[in-house]
Amino acid sequence: GGIITQTPKFLIGQEGQKLTLKCQQNFNHDTMYWYRQDSGKGLRLIYYSITENDLQKGDLSEGYDASREKKSSFSLTVTSAQKNEMAVFLCASSSTGGAPYEQYFGPGTRLTVL
Amino acid sequence: AQKVTQTQTSISVVEKTTVTMDCVYETRDSSYFLFWYKQTASGEIVFLIRQDSYKKENATVGHYSLNFQKPKSSIGLIITATQIEDSAVYFCAMRGNNNNAPRFGAGTKLSVKP
């Protein structure tokens with residue numbers, strides 16, 4: 001088994017601030033993902049990475065940067081936090097060797113912008 | 001572009017009955033993979049079951065099964081003998097064979113009552 005850890009659990013920022021969210025996995029998975037979930041909504045893909053130093057834009061990449069320096073970690077940066085923004089950011093990982101297997105999700109980082 | 005649609009916002013059933021949740025998808029990939037996930041009230045997201053597009057038989061895991069209707073681009077989730085703890089939000093997701101990033105539907109909230 002393995003686990004995905006996201007830090008911080010709660011993040012409070014100010015409008016215009018640059019904020020970084022971190023994700024670590026010990027599944028030894030190749031691919032990692034960042035999704036955004038607004039209250040009562042589905043998951044929207046922000047960025048994903050199929051191997052270290054690879055980055056692929058998702059449907060919601062504008063306003064975000066990502067970084068994958070190691071296989072086990074994937075960071076997401078909100079480049080300029082928007083006032084009254086509230087969302088949960090979910091990190092996930094999956095194996096891509098052979099069949100595309102299911103994703104494993106972290107507990108999320110809950111962002112509030114004042 | 002890939003798209004996943006879940007039109008049922010919420011469903012309420014009495015425990016021990018059977019429930020079906022709908023999902024339709026759009027893709028241009030000839031081969032693709034369909035997933036169902038469960039998000040509990042705590043926010044935790046867990047994988048439930050997967051259907052590979054090239055397989056004709058419907059996947060079954062425990063009391064979860066799928067109704068895969070490829071000509072209709074439909075993948076329904078069937079939960080038999082529902083339990084109170086099945087109350088959660090259920091997400092349908094799809095990944096094309098040429099794309100490493102699954103897209104998700106908006107989710108269906110299931111309430112199982114005694």
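Residues numbered from 1 in each chain as written. Chains lettered and ligands numbered in written order. Predicted model: local features only at pLDDT ≥ 70, side-chain atom pairs only at ≥ 80, totals over all residues. Heavy atoms only, no water.

### Some points on the state of the cysteines
The criterion, for reference: Cysteine sulfur atoms are paired as a disulfide whenever they fall within 2.5 Å. Only DSSP runs of H or I reaching four residues or more are called helices, and only runs of E reaching two or more are called strands; each is numbered from the N terminus. Residue exposure (1.4 Å probe, protein chains only): buried if accessible area is under 20% of the type maximum, exposed if over 50%, otherwise partly exposed.
For the structure on display, the rule yields 2 disulfides over all chains. A sulfur-sulfur distance of 1.9 Å marks the disulfide that ties Cys23(A) to Cys91(A). One quick way to see it: the torsion about the S-S bond of Cys23(A) and Cys91(A) is about -75°, and its sign makes the bridge left-handed. Placement of the pair is Cys23(A) in strand β3 (residues 19–25) and Cys91(A) in strand β9 (residues 86–94), with a sequence separation of 68 residues. Note on accessibility: Cys23(A) and Cys91(A) belong to one class, buried. With its sulfur 2.0 Å from that of its partner, Cys23(B) forms a disulfide with Cys92(B).

### What to know about the sheet that holds strand β7 (residues 64–70) of chain A
Residue and element names in this part refer to chain A. Stated precisely, the cut-off is as follows: A pair of strands is considered paired only if DSSP assigns at least 2 bridges between the two. Axes here mean lines fitted to C-alpha atoms, for a helix over just the part in contact, with angles spanning 0 to 180 degrees between N-to-C directions.
Overall, antiparallel pairing links the 4 strands, which are arranged β1-β3-β8-β7 in an open sheet. Every interior strand has two partners, whereas the edge strands, β1 (4–7) and β7, have only one. Going from strand to strand, the sheet's axes swing by 15° on average, the running direction of each strand aside. Sheet topology places β7 next to strand β8 (residues 73–78); 5 bridges connect them, and they run antiparallel. Across the sheet, Ala66 pairs through a bridge with Leu76, a residue of β8.

### Things to note about the nonpolar core
For the record, the criterion: Definition of nonpolar core: a set of buried residues of the types Ala, Val, Leu, Ile, Met, Phe, Trp, Tyr and Cys, connected through side-chain atoms within 4.5 Å. Contacts are residue-level and defined by heavy atoms, with any inter-residue pair within 4.5 Å sufficient.
One finds Trp36(B), Ile75(B), Leu77(B), Tyr90(B) and Leu110(B) to be the most contacted residues of the largest nonpolar core, which totals 25 residues. Taken together, the elements giving at least two residues each to this core come down to β2 (10–14), β3 (19–21), β5 (32–39), β6 (45–52), β8 (64–69), β9 (74–79), β10 (88–96) and β12 (108–113) of chain B. Looking at this core, the element that brings in the most residues is β10(B), giving 4 residues. In this structure, Tyr90(B) is in contact with Gln6(B), Met21(B), Trp36(B), Tyr37(B), Lys38(B), Leu48(B), Tyr64(B), Leu77(B), Ile79(B), Gly107(B), Thr108(B) and Leu110(B), ignoring residues within four places of it in sequence. One finds Leu11(A), Tyr47(A), Leu76(A) and Ala87(A) within the second-largest nonpolar core, a separate group that totals 20 residues.

### Some thoughts on the interface of chain B and chain A
Defined as follows: Accessible-area loss on putting two parts together, using a 1.4 Å probe and summing over both, is the definition of buried area adopted here. In what follows, salt bridge is the name for a side-chain nitrogen of Lys or Arg lying within 4 Å of a carboxyl oxygen of Asp or Glu. Identification of polar contacts relies on pairs of N or O atoms within 3.5 Å, with a donor-acceptor requirement for protein atoms, meaning one able to donate a hydrogen and the other able to accept it, and with residues adjacent in sequence counted only if both atoms are side-chain atoms. Gly falls in the polar group here, along with every residue not listed as nonpolar (Ala, Val, Leu, Ile, Met, Phe, Trp, Tyr, Cys, Pro) or charged (Asp, Glu, Lys, Arg).
Counting residues at the interface gives 17 residues for chain B and 20 residues for chain A. Regarding the contact of chain B and chain A, the summed buried area is about 1600 Å², with carbon and sulfur atoms giving 58% of it. Three residues stand out in chain B for area buried against chain A, namely Ile45(B), Asn100(B) and Phe104(B), and they jointly supply 32% of the buried area on that side. Across the chain B-chain A interface, the total number found is 1 salt bridge. Of the charged contacts in the structure, one is a salt bridge between Asp59(A) and Arg103(B), with a shortest N-O distance of 3.0 Å. Linking chain B to chain A there are 4 residue pairs in polar contact (both at pLDDT 80 or more). Breaking the side of chain B that touches chain A down by element, the ones donating at least two residues are β5, β6, β10 and β11 (103–104) of chain B. Of the residues forming the side of chain B that touches chain A, the biggest block, 4 residues, is contributed by β5(B). For the side of chain B that touches chain A, the class distribution of residues is 10 nonpolar, 4 polar and 3 charged.

Interpretation in functional terms is not warranted from these geometric data alone.
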